[in-house]
Each structure stands twice: as C-alpha cells, then as structure tokens.
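A closer look at the structure
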Amino acid sequence: MWHPEPVVRHTIPETRWPTREEAARALLFQPVRVGRVELESRTWVPAMVPWRATEDGFVTRENLEWYGRFAAGRPGAIVVEATGIRDVPSGPLLRIGHDRFLPGLRELVETVRRESRGRTRLFIQVIDFLSVKRRPEKSKFFGRFLDVGERHRRALAELTGDEGWLSLGEPAVRAFLRDAPDEVVERVLDGRELEALRYGYRERVTDTQLAHVRELPRVLPGLFAEAARRAREAGFDGVELHYAHAYTMASFLSRRNDRADGYGGSPEARARLPLEVYRAVRERVGADYTVGVRFLGDEVIEGGSRVGDAAFYAAEFARAGLDFLSVSKGGKFEDAKQPKVGHAVYPYTGPSGYECMPTVLSDALGPFGRNLSLSRAVRDAVRAEGLETPVVAAGGVGTFELAEEILRRGDADIVGAARQSLADPDWFLKARAGRGADVRRCTYTNYCEALDQSHKQVTCKLWDREGLKDPGVALSSDGRRRLLPPRWTDGEK
Ligand SMILES: Cc1cc2nc3c(=O)[nH]c(=O)nc-3n(C[C@H](O)[C@H](O)[C@H](O)COP(=O)(O)O)c2cc1C
Ligand code: SF4
C-alpha cells in the first residue's frame, strides 16, 4: 500500500465520548433535511463495496445481512455501494441496469427499514465505468492485442536502419517485438500501447475515436435516469450519482478531459454532461425525490482538477437542484501501481488512492479529517450562492469529538464515516447512548481495503476472527473469517 515519504506514523487519538445527555444536545445527533427526506441525525455511512453480490449483479443474502448490520447501528443514512447502471456483466458488483434487479433491491430496502426500525434513510450510489482490461502476458500482447501498423514498421526501420521492416509481414513484427528488450519496445510503441502492455488496456472518456465513447453524452443521461427510476421503484429514499474517483463521470469533470465536442476543455464544458445526466434523472424521478452527487474535492493527480474546480462544480450542482453534495478525494487510475500480470489496475494503490482512504502511515497532517478543507471549500461555494444544500465530508473521521467539531466549524453538514462504521457499525448508537467507551475503534491500517483490492469479501481485522465457531456465524468463502461483526447485545432497545 502506498504511503507518503518520509512516513510519519500516527496512532489513533485519545478521545472523550459524550454522556447520553451531551449526545442528546450534540449537533451530530440533530436532524437534517436532505432533499425530500429528513435524516434523524447527521451521521452517514458512505458507499463501500463489500464484494457480496452474485457474479451477475444480484443482491445476495450476504448483501442483505451486510446492510442490515449497518442499519442496526441506526446511522442517519447509509449509501449502498457503487451499483452499475448498465445491463452488462461486471462481476460481483451490484447492478441496477434492468428491472430484473428490482426484487433483490426491494428486499435490501426492506431489510434496512426493519433493522433500523425505520430510522435510517437509504440511498444507492449509481455508477458508470469504462472498460479496464487485465495486464496481459507480454507474449499475448504482442501476439494478439497490439494493432500492428505502418507506424511500428517505420519505427523498427529507423531503429535498425533496415528498410526491410517496411514490407515485412505482421507475424515477423509481432515476434520481433515480443522478444525485444524494453528499450526497443519503448521506442516502437506509443504511450497508450506501452500502458496497455504494462498496466492493461484502459479506455478513457477522451477516446472519441471509439464510437461508444463518442456517444457517451447521448447514452448516459438515459441510463442514469432509468437506474434512478428503478431506485425509486425499489423504495430507496434517494440516489447518489457517482461522479467521484476513477469512473466515467469523474473523468468528464476532470481537468484532463479535453474532449472537443463541447463536453471537455473549459470547466463549463466538463460539467455539461454531469448536469445533463442530473437533469435527465430529475425529469424521470420527479421533483419529490432525493438526488445527490458524490464528486472529488481534489483529484490529486498531475494535471487533474483541484479544489477550485470542485468549488465551481459544487455551485453549479447546487444551483441545478442536486439535494446533497458528498465530497471525496483522489482514487484515480492515473497514478495507480502497476498490477501483476493477469490482474487489473486498481485506482486506490497510488498517492491519489492514499488520499481517498488515508492510513496511519501518513505525513505530518495525518489521516484524521484529512479532507476537511475540501468539504469546507465546497460548502463555502454553495453558501456563497445563497443555497443551503447539505455537504457530506468523509476521510478519517472516527470519533464523536472530531465529528462534532466538523459540524461546529461548518466544514460540512453531515459526517461520513466508512471504515469506522465497518469497524463498529454500532458506534453511532453507542455514542448516543453514552457508551462511547464500548466503541471498537478503526485503526486506519486498511486491511479491509486490501481485501477490496483483491476482490475478496470485505471484513474488518478487529472482529473477523472472533467466535468463528459460534452458532449461526456466516463465514467468508475461504472459511477463515466471519462476515459480520458480532451483535452489540447491550444496545438501546
Ligand atoms: C472497502 C471499501 C470500499 C469502498 N467502496 C466505495 C464505493 O463503492 N463508492 C465510493 O464512493 N467510495 C467507496 N469507498 C470510499 C469510502 O466511501 C470513503 O470515502 C473512504 O473510505 C474514506 O472514508 P473513511 O476514512 O471514513 O473510511 C470505499 C472504501 C472502502 C474502505
Ligand atoms: S480493517 Fe477495520 S480497523 Fe482496519 S482500516 Fe478497515 S475498518 Fe479500520
């Protein structure tokens, strides 16, 4: 896992938990309006992919139990993991690209209603992503994938001083490159080909030579709108449009997007498709449904969008009528680590990935509340428009004290806690009940994230080896870990 150099090792801070009376008065436990719904408190579990869907994207019993377990802690809101809007195979990630997914999604909604006793609002994150292939074997890449052309022959002729390459057959070119040393390959392939060889082929929104990429602005509004219609039919309280991290919509917002068709270049043009998608969604679901967005306060990559861009987008989104703005950071492909052969590049493995889910191996700033300047800038930009759209912050928030400080300072209106909620889904309940001393505290070392990276069922190291033999405990596919934290039996009735 990448970490800043020189590294500064942090430990989780000592903290004071509130008494029940203090909690009752705390800002964190006051209600907040989010579009058409009211959250009972300002606590929020951001989207987390747990790798529990079926291979074809259906909700499983394990998904139901996962969300049911988070709901038992009664956060103000839970956002269901990134869920694909297309009707195409995408591995064990939830999908919402067809009505056949509705029964499972309905059951998910019912489970959360039941387990939270109707107290937690449930949103679903809807996502589109482009194709990312696994890193190929060198022999396969040169044998099949490389599109051999005039450019390669010319480069070989120049390199070797032998014009014979210009008329040589494709098999000979392929065989030569397959066995050539890196320095030669580097001089013959262009940047994208080298990337495809070393990281696996990855599409970009700027690949407008590809018809399906060129057509994204025509296709995506309808796909997102239908996904949102299904979310409403399944009973979700709202949708979160996933405009963050490494995926299609974030790439349209990126400063790196130089599409020349009116959907790239200037900030206004980069925001055009995200706004068109939102309008299509709004038209389909109506004015009385909550539609929010998650986007990046900073991409943290060279040439990428920074906080000034995010402030501009925030104002545009709020003016357009989005009901909440959830601010994340980084999580990009551009600086990701080279994957092993046979694996796909993963957007949380480089510096921008670090910023998305910071760990205790950090720099002087440390991981706790690391991204608050971003949510603050976004909130200020929205307030400067005279709008009250609530802003959600996340990133290393795992104590009541910090959550309360965030709200008091006006860094955000709602506090998201992903890993702390995984470490202890009852932590909001415990804090509220004056039982903060019972909170199992996240150590921010990213064992869970490593599982996510290898597409294994996500669990937390603080509880996944406990009571493996207890009756009724569901285990991971390798039988070594429990899939859910033990129940908090002392909980408020
Ligand atoms: C296992 C795991 C899966 C995640 N999946 C998603 C996701 O589907 N969508 C998303 O926007 N963020 C995802 N995230 C990022 C979190 O929502 C959150 O922004 C990040 O973990 C920082 O917050 P934290 O410090 O409270 O954990 C994931 C994080 C983890 C640890
Ligand atoms: S495994 Fe548990 S303790 Fe470690 S970072 Fe993830 S949630 Fe926190």
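Values in this document were obtained by computation on a predicted structure and should not be read as measured data.

The immediate surroundings of ligand 1 are formed by 24 residues, with Pro-46, Ala-47, Ala-82, Ala-418 and Arg-419 found nearest. Put simply, the parts of the chain that give the shell around ligand 1 at least two residues each are β5 (77-84), α17 (419-423) and α19 (447-453).

Let's shift gears to the environment of Glu-283. Structurally, the position occupied by Glu-283 is in helix α12 (residues 267-285). For Glu-283, a count of 12 C-beta atoms within 10 Å translates into the label exposed.

On any regular strand, side chains alternate: one points to one face of the sheet, the next to the other face. In terms of residue burial, strand β6 (residues 121-127) counts as a mostly covered element, since seven of its seven residues are buried. Regarding topology, helix α3 (residues 102-115) serves as the crossover connection from β5 to the parallel β6, and that connection is right-handed. Here β6 pairs with strand β7 (residues 238-243) via four bridges, running parallel. Bridging from a neighbouring strand, Val-126 pairs with Leu-241 of β7.

The domain boundaries assigned to the chain delineate domain 1 (8-131 + 207-453) and domain 2 (138-199). When each unit is reduced to the centre of its C-alpha atoms, the spacing between domain 1 and domain 2 is 42 Å.

Lining the immediate environment of ligand 2, one finds 13 residues, of which Arg-419, Cys-442, Tyr-447, Cys-448 and Cys-460 sit closest. Listed by contribution, the elements that provide at least two residues to the shell around ligand 2 are α17 and α19. The element contributing the most residues to the shell around ligand 2 is α17, with three residues. When the residues that make up the shell around ligand 2 are grouped by side-chain class, the tally is eight nonpolar, three polar and two charged.

Take the nonpolar core next. In this structure, Phe-224, Leu-241 and Leu-325 are the most contacted members of the largest nonpolar core, which totals 121 residues. Setting aside residues no more than four positions away along its own chain, Leu-241 makes contact with Val-126, Phe-224, Met-249, Val-277, Tyr-278, Val-281, Val-291 and Val-293. In this structure, Phe-141, Phe-142, Val-188 and Leu-197 belong to the second largest nonpolar core, which totals nine residues.

If you want to describe how two helices pack, look at the angle between their axes and the distance between the axes. At their nearest, the axes of α12 and helix α13 (residues 307-320) sit 11 Å apart, and the two run at 35° to each other. The element α12 and its partner α13 pack so that their crossing is right-handed. On α13, the residues that touch Pro-267, Ala-271, Leu-275 and Tyr-278 of α12 are Asp-309, Phe-312, Tyr-313, Glu-316 and Ala-320.

Every buried residue of helix α8 (residues 191-199) is accounted for by Ala-196, Leu-197 and Tyr-199. Looking at the buried residues of α8, the elements they touch are α4 (138-145).

On to the environment of Thr-160, then. Its place among the elements puts Thr-160 in helix α5 (residues 150-160). C-alpha of Thr-160 to C-alpha of Val-184: the two residues are 24 residues apart in sequence and 9.9 Å apart in space.

What follows concerns the pairing of β5. Across the eight residues of β5, eight count as buried, placing the element largely inside the fold. Both strand β4 (residues 43-45) and β5 contribute to a ladder of two bridges, which runs parallel. Considered in β5, the bridge of Trp-44 is made with Ala-77. Bridging between β5 and β6 involves six bridges; their strand directions are parallel. Its bridge partner being in β6, Val-79 is matched across the sheet by Phe-123.

Moving on, we get to the environment of Ala-157. Relative to the elements of secondary structure, Ala-157 occurs in helix α5. Between the C-alpha atoms of Ala-157 and Val-188, which are 31 residues apart in sequence, the distance is 10.0 Å. If near-sequence neighbours (up to four positions away) are discounted, Ala-157 is found in contact with Asp-162, Glu-163, Trp-165 and Leu-166.

Moving on: unusual backbone geometry. Going from Glu-5 to Pro-6, the amide bond is cis rather than trans, its omega being -5°. Its location among the elements puts Pro-6 in the segment before β1 (8-9). Non-glycine residue Arg-117 carries a positive phi angle of around 55°. As for its position among the elements, Arg-117 is in the loop between α3 and β6.

Rules and cut-offs
Residues numbered from 1 in each chain as written. Chains lettered and ligands numbered in written order. Predicted model: local features only at pLDDT ≥ 70, side-chain atom pairs only at ≥ 80, totals over all residues. Near = placed C-beta within 6 Å. Helix = DSSP H or I, 4+ residues; strand = E, 2+ residues; numbered from the N terminus. Buried ≥ 20, exposed ≤ 12 C-beta atoms within 10 Å, placed from the backbone. Right-handed = clockwise from strand over helix to strand, strands pointing away. Pairing = 2+ DSSP bridges. Domains from an automatic or database assignment. Nonpolar A, V, L, I, M, F, W, Y, C, P; charged D, E, K, R; others polar. Core = buried A, V, L, I, M, F, W, Y, C linked by C-beta atoms within 7 Å. Contact = placed C-beta atoms within 7 Å. Axes fitted to C-alpha atoms, helices over the stretch in contact; angles between N-to-C directions. Left-handed = near helix turned anticlockwise from the far one by under 90°.

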